[in-house]
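Each chain, written out:
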Amino acid sequence: MLNASKLSEFFQTKIEFLKGVGSKKAALLQKELGVLTFADLLQVYPFRYEDRTKIFNIKELKDGLPNIQLKVRIQNVQILGEGFKKKRLIAKATDLTGEIDLIWFQGVEWMKNQILVGKEYIVFGKPTLFNHTFQISHPEIELFEGKLEVKSFLQPVYSTTEKLKANYIGSKTIQKLQETLLETAEPHIAETLPYSLIAKYKMISKKQALWHIHLPASAEMLLQAQRRLKFEELFFVQLHLLTHKLLKKRNFKGLVFSSIPTVSVFYKQHLPFELTEAQKRVIREIYADMVSGRQMNRLLQGDVGSGKTMVAFICMLMAVDNAAQTCLMAPTEILATQHFESLKSYAETLGFRIACLTGSTKTKERKIIHELLEDGSLNILIGTHALIEDKVKFKNLGLVVVDEQHRFGVEQRSKLWRKNEQVQPHVLVMTATPIPRTLAMTLYGDLDISNIDELPANRKSIKTVHRTDEHRLQVFGFIRDQIAEGRQVYIVYPLIKESETLDLKDLYDGYESVVRFFQDVQISIVHGQQKSADKDFEMQRFLRGETKIMVATTVIEVGVNVPNASVMVIESAQRFGLAQLHQLRGRVGRGANQSYCILMTDKTLQENSRIRIETMVRTTNGFEIADIDLKLRGPGDLMGTRQSGALDLLIADLSQDSDILKVAREEAMHLLERDPDFQSIENRCIKAQIESTKSKSMNWARIG
Ligand code: ADP
Ligand code: MG
């Protein structure tokens, strides 16, 4: 048997040494697909498979069929359309049941010489109906020589690039390379899962799995191969995350915040409303962490308006009650200021010192804050990224809260909790962008998760409607009525990149038409390119009710709280993602009045846009919306997930493989409970696998 280092040596062989590659192709493979070694190539998995098991009759063809296979005889071949009209080659072909046209627009002359009249061909492509006759453009064709090749059963399809294709490295070529490689690699492929797991879930071996993922012998073997490789991948990702979590729990002693007199006083005397059951439950979960002697790392998920701020504040009081300092970081200045304004009076009534630090805090004030922080007399600090700066030093930071955490990078967040060098402070990160469970398990597998799954009782559910430009007068009329009743209104324009002048022009055009229509109404405008002082000024006017309409870009997306606002109009709603639409809608429905969300779009919508709009109209449930978002976009595109690296998956798909993920996570947990250091003989293969991939990436399932 080969030992681990020998194994990885083979897989580290440069791809140019594979038969049929050479240095020129190797350079291309590296540049276009990131394939540098044998291991890299084996892990370029097909992205789909074509079923070549069935041969259709022409009579059976229907419009809308995917790629299909026919066996036809060529009757005649001719070139049509010289000069002005598009030049094309048409081959008329028949089987016993009908006639079909095969068409080429490119390589016409060359193709004409390839096709032999009177011969039989296996033709593969997508049929479309044209003038009562089916045709296939640019089909793959292969001369039929009396017997079907058994190998062309389920054809793997690999993604390639234009550049690769131009150099004759298409899907077929990659398949050939895989075949060549597998033949030599076979003895080097080591098993990476313990036998007990393989037996328990009746999985095929790693060797078989790699073979059948590239060269499936049957549909059944392909399924087995996929199941095995997906399980393995998710299992190792979970092992990684859970090991991390375990290490943290083992190594990081937590501050114990057990005495909480002020929290009780606050509960009895100052709490402005009855907490929801969900809020109470979450506070209990957090308190349990605070007295456990271990450091808390908790993600608090709760839909917009579910009352996360109050939960955070109560937890901050727990810290302050135990002579520790605490801070709350928000992604925008508007939001930080708003948190500060709403918490200030509570903090001061309770006798605690609170301050706000943002990019626009004056130097003089900043200096005072720095001093008060260092001598420990400032208890609570609220702010933006400004909190991260090195100059900001705490005497005794005990709890860090990060609001809308997906807006921050991992690095930014961790900088904050390194601000206590003696003991790791407790960490509470909050998000209003609910993440489907499968994704949370992978993205935040090393965090504990709390959910606020209930809105305060006084909330009326927001009515959402879809309108097009034809209804604009009606919509404006409705806005006028709402303002007459004393309400306020948001009108939001898309701004995909804050620097795009075109978007800004849309915003100003919109603003002008609003101003023209509502001549007697006070209107605010806020966007990302304003100075923050101007932005703040406008926000404040709207907050105080001096302006009735807020025309804005998505800068108002997160957190802003104006309970009197009852209408959210979203312009060009088709340009927003689901998560964003949901966030924006959450800006209304915060007071006692019935609120409305009006989605304005073009008349015709693309399929995905239509689904997004329909989803918004149908439901206000953030978790349901997150699930649909995941299905529409795939996990890589979800907010803030791209940077995490945890989603760098080769074969598993978090939007589809939640069942496999659940089992993989459970098994990873069991394993770590029984044998956290992979000491047993059976688990040595895991250790070897982890070690051979350690330095490269966090995806331990990769071949090292
Ligand atoms: P989010 O979870 O989106 O951050 P906020 O904390 O901003 O929500 O809360 C939204 C609004 O609901 C605020 O005005 C807050 O004061 C109010 N609120 C929070 N909890 C309750 C409750 N239990 N009952 C009534 N209103 C509440
Ligand atoms: Mg909030």
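Procedures and definitions
- Residues numbered from 1 in each chain as written.
- Chains lettered and ligands numbered in written order.
- Predicted model: local features only at pLDDT ≥ 70, side-chain atom pairs only at ≥ 80, totals over all residues.
- Heavy atoms only, no water.
- Helix = DSSP H or I, 4+ residues; strand = E, 2+ residues; numbered from the N terminus.
- Buried < 20%, exposed > 50% of the residue type's maximum accessible area, 1.4 Å probe, protein only.
- Polar contact = N/O pair within 3.5 Å; in protein donor to acceptor, adjacent residues only side chain to side chain.
- Contact = heavy atoms within 4.5 Å.
- Near = heavy atom within 4 Å.
- Areas by Shrake-Rupley, 256 points an atom, 1.4 Å probe, with all protein chains shown as cover.
- 1 Å grid on protein atoms, 1.4 Å probe; cavity = no way out; pocket = protein on both sides within 12 Å on 5 of 7 lines; lining within 4 Å.
- Sits in = over half its atoms within 2 Å of the grid points.
- Nonpolar A, V, L, I, M, F, W, Y, C, P; charged D, E, K, R; others polar.
- Pairing = 2+ DSSP bridges.
- Axes fitted to C-alpha atoms, helices over the stretch in contact; angles between N-to-C directions.
- Phe/Tyr/Trp six-rings, centres within 6.5 Å; stacked < 30°, edge-to-face > 60°.
- Salt bridge = Lys/Arg side-chain N within 4 Å of Asp/Glu carboxyl O.
- Domains from an automatic or database assignment.

1. What about unusual backbone geometry?
With a phi close to 60 degrees, Ala323 is a non-glycine residue in the positive phi region. Here Phe678, not a glycine, exhibits a phi torsion of approximately 55 degrees, which is positive. Along the chain, the position of Phe678 falls in the loop between helix H23 (658–674) and helix H24 (684–693). By relative accessible area, Phe678 is classed as buried at 9%.

2. A closer look at the side chain of Thr619
Mapped onto the elements, Thr619 comes out in the loop between helix H21 (607–618) and helix H22 (622–633). The class for Thr619 is buried, based on a relative accessible area of 10%. Of the polar contacts made by the side chain of Thr619, one reaches the side chain of Glu624; its length is 3.3 Å. What Thr619 contacts, discounting residues up to four positions off in sequence, is Arg585, Glu624 and Ile625.

3. Section: the site of ligand 1
In the vicinity of ligand 1, 16 residues are found, and the nearest of them are Gln279, Gly305, Lys308, Thr309 and Arg459. Backbone polar atom of Gly307 to an oxygen atom of ligand 1: 3.1 Å apart, as the coordinates give it. Lys308 is positioned with one of its side-chain polar atoms (N or O) 2.7 Å from an oxygen atom of ligand 1. Protein chains shield 84% of the accessible area of ligand 1, which is 570 Å² for the free molecule. The pocket occupied by ligand 1, as judged from atoms lying within 2 Å of grid points, is the second largest pocket. For the shell around ligand 1, the per-class residue count stands at 4 nonpolar, 7 polar and 5 charged.

4. Here's the deal with the sheet that holds strand S17 (residues 463–468)
Ordered in space as S17-S22-S21-S18-S20-S19, the 6 strands form an open sheet in which the pairing is parallel. Unpaired on one side and paired on the other, S17 and strand S19 (523–526) mark the two borders of the sheet. Between one strand and the next, the sheet's axes are offset by a mean angle of 20 degrees, whatever the strand orientation. Of the pairings in the sheet, the one linking strand S21 (residues 565–570) to strand S22 (residues 596–601) comprises 4 bridges and is parallel in character. If you follow Met568 over to S22, its bridge partner there is Cys597.

5. Notes on the packing of aromatic side chains
One pass over the full model with this rule turns up 14 aromatic pairs. Look at Phe10 and Phe38: their rings are 5.3 Å apart centre to centre, the planes differ by 65 degrees, and that puts the pair in the edge-to-face class. Residue Phe10 is found in helix H1 (residues 4–11), and its partner Phe38 is found in helix H3 (residues 38–42); the two are separated by 28 residues along the sequence. Given a relative accessible area of 14%, Phe10 falls into the buried group.

6. Description of the pattern of salt bridges
Two side chains of opposite charge can pair, provided their charged atoms sit close to one another. For the structure shown, the criterion picks out 31 salt bridges. Glu120 serves as the salt-bridge partner of Lys71, at 3.9 Å between the closest nitrogen and oxygen. On the criterion of sequence distance, the pair formed by Lys71 in strand S2 (residues 68–80) and Glu120 in strand S5 (residues 120–125) is long-range, its members being 49 residues apart. The class for Lys71 is partly exposed, based on a relative accessible area of 29%. Here Lys92 ties to Asp101 by a salt bridge, and the two come within 2.8 Å at their closest N and O atoms. A residue is classified by how much of its surface remains accessible, and Lys92, at 25% relative accessible area, is partly exposed.

7. Brief notes about the domain arrangement of the chain
Here the domain parsing of the chain yields domain 1 (1–47 + 151–186), domain 2 (54–149), domain 3 (261–292 + 307–431) and domain 4 (463–619). Inter-centroid distance (C-alpha atoms) of domain 2 to domain 3 is 69 Å.

8. Remarks on the pairing of strand S4 (residues 98–104)
Strand residues, when the strand is regular, have side chains that alternate between the two faces of the sheet. Taken across its 7 residues, S4 has 5 buried, putting it largely inside the fold. When strand S3 (residues 88–95) meets S4, the two strands line up antiparallel, connected through 7 bridges. Its bridge partner being in S4, Ala93 is matched across the sheet by Ile100. Between S3 and S4, which pair antiparallel one after the other, the connecting turn spans 2 residues.

9. A closer look at the sheet that holds strand S10 (residues 297–302)
One open sheet holds the 7 strands; their spatial order is S12-S13-S11-S14-S15-S10-S16, and the pairing between them is parallel. If you trace the sheet from one side to the other, it starts and ends with strand S12 (354–357) and strand S16 (448–452), each paired once. On average, each strand axis in the sheet is inclined to that of its neighbour by 20 degrees, with strand direction left out of account. Note: strand S11 (residues 325–329) against strand S14 (residues 397–402), 5 bridges, orientation parallel. Opposite Thr326, over in S14, you have Leu399 as the bridge partner. Contacts from helix H11 (residues 277–290) reach S10, S14, strand S15 (426–431) and S16 within the one sheet, and its direction differs from that of S16 by about 160 degrees. Along the sheet, helix H14 (residues 363–374) makes contact with S11, S12 and strand S13 (380–383), crossing S12 at roughly 130 degrees.

10. A short note on the environment of Asn564
Locating Asn564 in the fold gives a position in the loop between strand S20 (549–552) and S21. A relative accessible area of 25% means that Asn564 is categorised as partly exposed. Separated by 27 residues in the primary sequence, Asn564 and Gly591 place their C-alpha atoms 6.0 Å from one another. For Asn564, the side chain forms a polar contact with the main-chain oxygen of Gly486, separated by 2.9 Å.

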